Amino acid sequence: MAIISQLIANGLIAGSIYALVALGYTMVYGILEFINFAHGEVLMIGAYIAYSLVVFVGLPIWLAMLLSMLLSAGIGIIIERLAYRPLRNANRLSPLITAIALSIFLQSVILLIYGADIRTFRTQEITKGHTILGAVITDHQLLIIATTITLMLVLYLFVTRTKLGTAMRAAADNRNLATMIGINTNRIIAIVFAIGSALAAAAGVLVGVEQNLEPTMGVTLGVKAFTAAVIGGIGNIYGAALGGLAIGLIENIGIWFIPSGYKDAIAFFILVIMLLFRPRGILGGKKEEDIRRA
Amino acid sequence: MGYVDHLLILVCIYIILSVSLNLITGYVGLLNLGHAAFFGIGAYASALLVKVVGVPWPAALVLGAILAGIAGLLIGIPCLRLRGDYLAIATLGFGEIIRAVMKNWTSLTRGPRGIPGIPKPELFGYAFTDNGAYLALSFVIMLLVVFIVWRMVASPFGRVLRAIREDEIGAMTLGKNIVKYKLIALSTGAFFAGIAGSLYAHYITFIDPSSFTLLETVLIVSMAVLGGLGSITGSVIGAVILILLPEPLRFLDLPSYVKAAMRQIIYSIILILLIIFRPEGLLGEGAMRTSTMRTSKVRAWLLRIQEKVMRYV
């Protein structure tokens, strides 16, 4: 029993990070109907920014995280402006190709700056975890869950209770109609990129607290989060949160049944299965015809 | 001249890769982000067949390629139902799954430690141990592949492929079984990538999963996009340029990870700039072409040369 509850706890912790990242994919997809493949790299850069602030500047981790979220939001806006906006009216594959090239570019830049060594900013002593229902959970992990819940709550309030959030939902629902009633969709798109990138940076810092930093850390995390967005129904914000938890649980419980080396492949497998059999996801996002051909 | 031969061998291998990707992405319009996986399947299968089973190299080359082709069919059958960008992500996922298998099926692939000491190919008792001889071998195989793909796309079959790329529903109304055509293009492209894999494995004599990552796929995509999607001559030129372009880096006195990063930066910047400013590449048609395209002097010049060459083929 202890093992099962440990696996579930691990799944929920990993899942809450995937959920944070999945929100970025799903919000961008909701408005632009395009897969922002470089999103995982924003996460990685966010983690490295926070790392630099903690290790070189000596800031406390919470402040580093906030600053990293702000800076990453700016990076997200720049990426959209330079790499995606010129292609807004091109065919579907063009922005996907630039996004992939961009993600390789960003990885290489970070590799140049920080070198090939694995970095870590575990600042505190590793403490003995608390035992909750048989699962051992460390303070860090509790912090991850608390941060995730807080950020999601803030996002929820922003989307439902503010004028900007309403405009965002309108733009996601029908971009042309939103433009017609006077919503500046370019601004909304920039805001969506900013929010998504800030959340990804937060996720990057949370991952960095637990694990090591590597220039390629964004790739697998990105694909898992994208899978999470598809599971929940791409374009659907609540679906992304749900999908994140689902993928975290599936992959952690999955290593009961298959060798743990295949853990990272589970997400890809689920992604393909979901796209084939239920492309709208659990909660239903954008129309099914958009995903399946003919 | 060992170094020049080495570069030219790589050029031959990458021409096969970019031409085979072009068949899939340029002519039918399926963005395939799992091309490195087909490359890897060919490399692993051929290396293991020769080294462990003791199959003669020519048979291993063909078997490895067939295996890659079958992998193309297996990924194609379910995924061709998906729309363009989802197909791309699904092929990317497939590529990562193949790499996970290479890493984890240690009893077969030795995992991350890779397979060392892959024998050089032997044909009728002659071993291609010398770089010059290997170059001749790769050159002949490359010519053969390019010729076959060229005949394919120039035939009525190729016209259907382009019709599917330009207007899928239109092609369907003409009674074309578009899934069948896509599957043939995908598995043929995968087959040729498998051939490139075998050439690579027996040339380098060592393979490990890190040679078949997404970076490799993106390099191949860059070659095809640079040359122009939907142009075989373009793919050949693209492969030559992108293999030779970062070579001067080799002579700089820098740590190897810096050089690797700089190569990737060069490739990715070229790809981004191309897609934004010149999506049709040097010679491309269709797929990526934008309405505002102008015929440039370079393009006209390249097309003239291509015409002259074709007269002799």
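Residue numbers here run from 1 along each chain, matching the order of that chain's written sequence. Following the order in which they are written, the chains are lettered starting with A and the ligands numbered starting with 1. Only residues with pLDDT of at least 70 are given local features in this predicted model, and only at 80 or more are side-chain atom pairs given and counted; all residues enter the totals for whole chains, interfaces and linings.

Regarding its fold elements, chain B presents 13 helices and 2 strands. In this treatment the radius of gyration is a C-alpha quantity, and the globule benchmark scales as 2.2 Å times the residue count to the 0.38 power. For 313 residues, the compact-globule estimate of 2.2 N^0.38 gives 20 Å, and chain B sits close to it at 19 Å. Any residue surrounded by 20 or more other C-beta atoms within 10 Å of its C-beta is treated as buried, while 12 or fewer makes it exposed and the intermediate range makes it partly exposed; C-beta atoms here are placed from the backbone. The proportion of buried residues among the 313 residues of chain B is 51%. Within chain B, residue pairs in contact and separated by at least 24 positions form 77% of the contacts whose partners lie at least 6 positions apart. We count a stretch as a helix when DSSP gives it H or I for four or more residues in a row; a strand needs E for two or more, and each element gets its number in order from the N terminus. C-beta atoms are first placed from the backbone for all residues, and any pair lying within 7 Å is then listed as a contact.

Moving on, we get to the environment of glutamate 41 of chain A. All names here are of chain A. Position of glutamate 41 relative to the elements: it lies in helix 2 (residues 39-57). C-beta crowding within 10 Å serves as the criterion here: with 29 such atoms nearby, glutamate 41 is assigned to the buried category. Through-space distance from the C-alpha of glutamate 41 to that of phenylalanine 257 is 31 Å; in sequence the pair is 216 residues apart.

Here we take up unusual backbone geometry. All names here are of chain B. In this structure, arginine 110 is a non-glycine residue whose phi angle is positive, near 60°. Taking the number of C-beta atoms within 10 Å as the measure of exposure, arginine 110 has 16 and is therefore partly exposed. The phi dihedral of threonine 205 is positive, around 65°, even though this residue is not glycine.

In this complex, chain A contributes 37 residues to the contact, which on the side of chain B involves 35 residues. No other element matches the 14 residues that helix 4 (residues 93-114) of chain A contributes to the side of chain A that touches chain B. Taken together, the residues of the side of chain A that touches chain B break down into 27 nonpolar, 5 polar and 5 charged. In this classification, Asp, Glu, Lys and Arg are treated as charged, Ala, Val, Leu, Ile, Met, Phe, Trp, Tyr, Cys and Pro as nonpolar, and every other residue, Gly included, as polar.

In this analysis an axis means a line fitted to C-alpha atoms, helices contributing only their contacting stretch, and an angle means the value between N-to-C directions, from 0 to 180 degrees. Two elements in contact, helix 4 of chain A and helix 10 (residues 214-227) of chain B, have axes separated by 11 Å at closest approach and are oriented at 130°. Put simply, helix 4 of chain A runs oblique to helix 10 of chain B. Relative to helix 10 of chain B, helix 4 of chain A is oriented so that their crossing is left-handed. Contact residues: helix 4 of chain A offers Ile97, Ile100, Ala101 and Ile104 of chain A, while helix 10 of chain B offers Leu215, Val218 and Val221 of chain B. Just so you know how the angles are binned, under 35 degrees is roughly parallel, over 145 roughly antiparallel, 65 to 115 roughly perpendicular, and the rest oblique. Working rule for handedness: look at the near helix, and if it is turned counterclockwise from the far one by less than a right angle, call the crossing left-handed; if clockwise, right-handed.

Residue placement: alanine 133 of chain B occurs in helix 6 (residues 131-154). A tally of 16 C-beta atoms within 10 Å means that alanine 133 of chain B is categorised as partly exposed.

In terms of nonpolar packing, the biggest core is built from 211 residues, with Ala202 of chain A together with Ile16 of chain B touching the most fellow members. Ranked by residues supplied to this core, first place goes to helix 1 (residues 2-32) of chain A with 17 residues. Apart from residues lying up to four places away in sequence, alanine 202 of chain A is in contact with Leu20, Met65, Met69, Thr147 and Leu151 of chain A. Here a nonpolar core is just a set of buried residues of the types Ala, Val, Leu, Ile, Met, Phe, Trp, Tyr and Cys, joined wherever their C-beta atoms sit within 7 Å.

A separate point is the packing of helix 5 (residues 139-161) of chain A against helix 6 (residues 163-173) of chain A. Residue and element names in this part refer to chain A. Across the interface, helix 5 lies against helix 6 with an axial gap of 5 Å and an inter-helix angle of 80°. Comparing the axis directions of helix 5 and helix 6 gives the class roughly perpendicular. Contacts from Phe158, Val159, Thr160 and Arg161 of helix 5 reach helix 6 at Gly165, Met168 and Arg169. Considered class by class, the residues forming the contact of helix 5 with helix 6 number 3 nonpolar, 2 polar and 2 charged.

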